[in-house]
Amino acid sequence: QRKLPALMQLPGNTIRVRVVGRPDQTDLARDLQALLETELLKDNAQLREEEDHPAVTVFCQITNYSHPQPIVTRRPVFGNPVPQVYTRITGALSVAFQAKTSGGRTLGSDNVDANYDQEFDAAGNNASHGIKGGLASSWHKLKGGTSTNQDDSPPTDAELRARLMTMAVRG
């Protein structure tokens with residue numbers, strides 16, 4: 001797999017990452033900070049974390065995190081007199097970030113949004129991709145394989161939270 005060059009060249013080889021959110025988001029902020037630090041450090045052996053005098057500080061603020069209750073609907077299915085039950089699971093995470101040098105110069109800033117919106121049938125199969133998604137999931141089950149696609153079944157609250165954080169960090 002080919003890696004692209006970094007979008008910006010950091011001055012120095014030390015960073016500090018800070019993530020903040022509302023008081024009820026302290027666990028989310030801590031986990032997002034750890035995930036972001038790991039992602040930034042993983043491909044550069046010269047880059048290291050420095051708490052006191054980093055060359056670059058990455059500051060993130062969680063501006064939105066939502067995971068409303070699932071929406072359950074009943075819809076008719078062709079050829080079946082009993083309506084099918086569907087559960088729609090949604091979630092969103094928005095983060096504003098700034099990367100600044102120790103001298104205060106802004107290297108980059110942006111708003112990052114991660115959204116999840118999938119629908120599952122009563123059997124737990126992903127129904128968001130229409131007939132194509134349903135057939136792929138059914139075919140995989142017929143062959144006796146275990147699911148490798150995390151979108152094939154509804155995520156737990158913790159799985160959805162982790163998925164949104166990963167999407168935001170890699171997005």
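Below is a short write-up of the structure. From a predicted model like this one, the values you see are computed outputs, not experimental measurements.

Turning our eyes to something else, we now look at the pattern of salt bridges. Any two side chains of opposite charge can pair, on the condition that their charged atoms come close. According to the stated counting rule, one finds ten salt bridges in the structure shown. Ionic pairing is found between D24 and R22, a salt bridge with its closest N-O pair at 3.2 Å. As a salt-bridge pair, R48 and E50 come within 3.2 Å of each other at their nearest N and O atoms. One network of salt bridges, in which partners are shared, links D27, R30, D31 and R161.

Before going further, it helps to examine helix α3 (residues 157–170). Spanning 14 residues, α3 covers 20 Å between terminal C-alpha atoms, matching the ideal 20 Å at 1.5 Å per step. Among all positions in α3, only L160, R163, L164, M165, A168 and V169 are buried. In this structure, the buried residues of α3 make contact with α1 (26–41), β3 (56–66), β5 (80–101) and β6 (106–121).

Moving on to the packing of aromatic side chains. By the definition in use, this model includes zero aromatic pairs. Positioned above the aromatic ring of Y86, the side-chain terminus of R75 is 4.0 Å from the ring centre.

Okay, the environment of R74 next. Its location among the elements puts R74 in strand β4 (residues 71–77). For R74, a relative accessible area of 62% corresponds to the exposed category. C-alpha separation for the pair R74 and Q84, spaced ten residues apart in sequence, amounts to 5.4 Å. If we ignore the near neighbours within four places in the chain, the residues touching R74 are P83, Q84 and V85.

Before going further, it helps to spend a moment on the nonpolar core. If you look at the biggest cluster of nonpolar residues, it comprises 27 residues, and the most contacted ones within it are V19, L32, V56, V58, I62 and L93. Discounting chain neighbours no more than four positions away, the residues touching I62 are V19, V20, G21, Q25, L28, A29, L32, L93 and S94.

Attention now goes to the packing of α1 against α3. Between α1 and α3, the least distance of the axes is 10 Å, while the angle of their chain directions is 45°. Overall, the two elements α1 and α3 adopt an arrangement that is oblique. When you trace α1 past α3, the crossing you get is right-handed. For the pair formed by α1 and α3, the contact residues are D27, L28, D31, L32, L35, L36 and E39 on the first element and R161, M165, T166, V169 and R170 on the second. Counted by class, the contact of α1 with α3 contains six nonpolar, one polar and five charged residues.

All right, on to the pairing of strand β1 (residues 14–20) then. Sheet topology note: the β1/strand β2 (residues 48–49) ladder contains two bridges and is parallel. Directly across from I15, in β2, lies its bridge partner E49. With six bridges connecting them, β1 and β3 associate as parallel partners. Residue V19 lies in a different strand from β3, and its bridge partner there is C60.

As paired strands, β3 and β5 are joined by ten bridges and run antiparallel to one another. Paired with Y65 across the two strands is L93, which belongs to β5.

Within the secondary structure layout, E119 lies in strand β6. Judged by relative accessible area, E119 falls into the buried class, the value being 17%. Within the local environment of E119, its side chain forms a polar contact with the side chain of R75, the two groups lying 3.0 Å apart. Among all residues touching E119, those that are not within four sequence positions of it are T73, R75, Y86, T87, R88, N125, N126, A127 and S128.

Each value, and the rule that gives it
Here the residue numbering is sequential within each chain, running from 1 through the sequence in written order. Restriction of local features to residues with pLDDT of at least 70 applies here, the model being predicted, together with a cutoff of 80 or more for giving and counting side-chain atom pairs; totals for whole chains, interfaces and linings are based on all residues. Computation of side-chain values covers all heavy atoms of the structure but excludes hydrogens and water. Note on definitions: salt bridges are taken to be side-chain nitrogens of Lys or Arg within 4 Å of carboxyl oxygens of Asp or Glu. Secondary structure elements are taken from DSSP: a helix is a run of H or I of four residues or more, a strand is a run of E of two residues or more, and numbering for both begins at the N terminus. Any helix carries an expected span of 1.5 Å times its number of residues minus one. For every residue, the accessible area (1.4 Å probe, protein chains only) is compared with the maximum for its type, and the residue is labelled buried under 20%, exposed over 50%, or partly exposed between those bounds. Pairs of residues are marked as contacts when any of their non-hydrogen atoms sit within 4.5 Å. Any two of the Phe, Tyr and Trp rings considered here, Trp counted by its six-membered ring, make a pair once their centres fall within 6.5 Å; the pair's planes then place it as stacked at under 30 degrees, edge-to-face at over 60, or tilted in between. In this analysis the charged atom, NZ for Lys or CZ for Arg, is taken to sit over a ring once it is within 6 Å of the ring centre and within 35 degrees of the ring normal. We call a set of buried Ala, Val, Leu, Ile, Met, Phe, Trp, Tyr and Cys residues a nonpolar core when their side-chain atoms join them within 4.5 Å. Note on geometry: axes are C-alpha line fits, over the in-contact stretch for helices, and angles between N-to-C directions span 0 to 180 degrees. Any angle from 65 to 115 degrees is called roughly perpendicular, while one under 35 is roughly parallel, one over 145 is roughly antiparallel, and all others are oblique. Left-handed describes a crossing whose near helix is turned anticlockwise from the far helix by less than a right angle; the clockwise case is right-handed. Throughout, the ten residues Ala, Val, Leu, Ile, Met, Phe, Trp, Tyr, Cys and Pro are labelled nonpolar, Asp, Glu, Lys and Arg are labelled charged, and all others, Gly among them, are labelled polar. Two strands are said to pair when DSSP picks up at least two bridges between them. We call two N or O atoms a polar contact when they sit within 3.5 Å, provided that within protein one can donate a hydrogen and the other can accept it, with sequence-adjacent residues counted only if both atoms are side-chain atoms.

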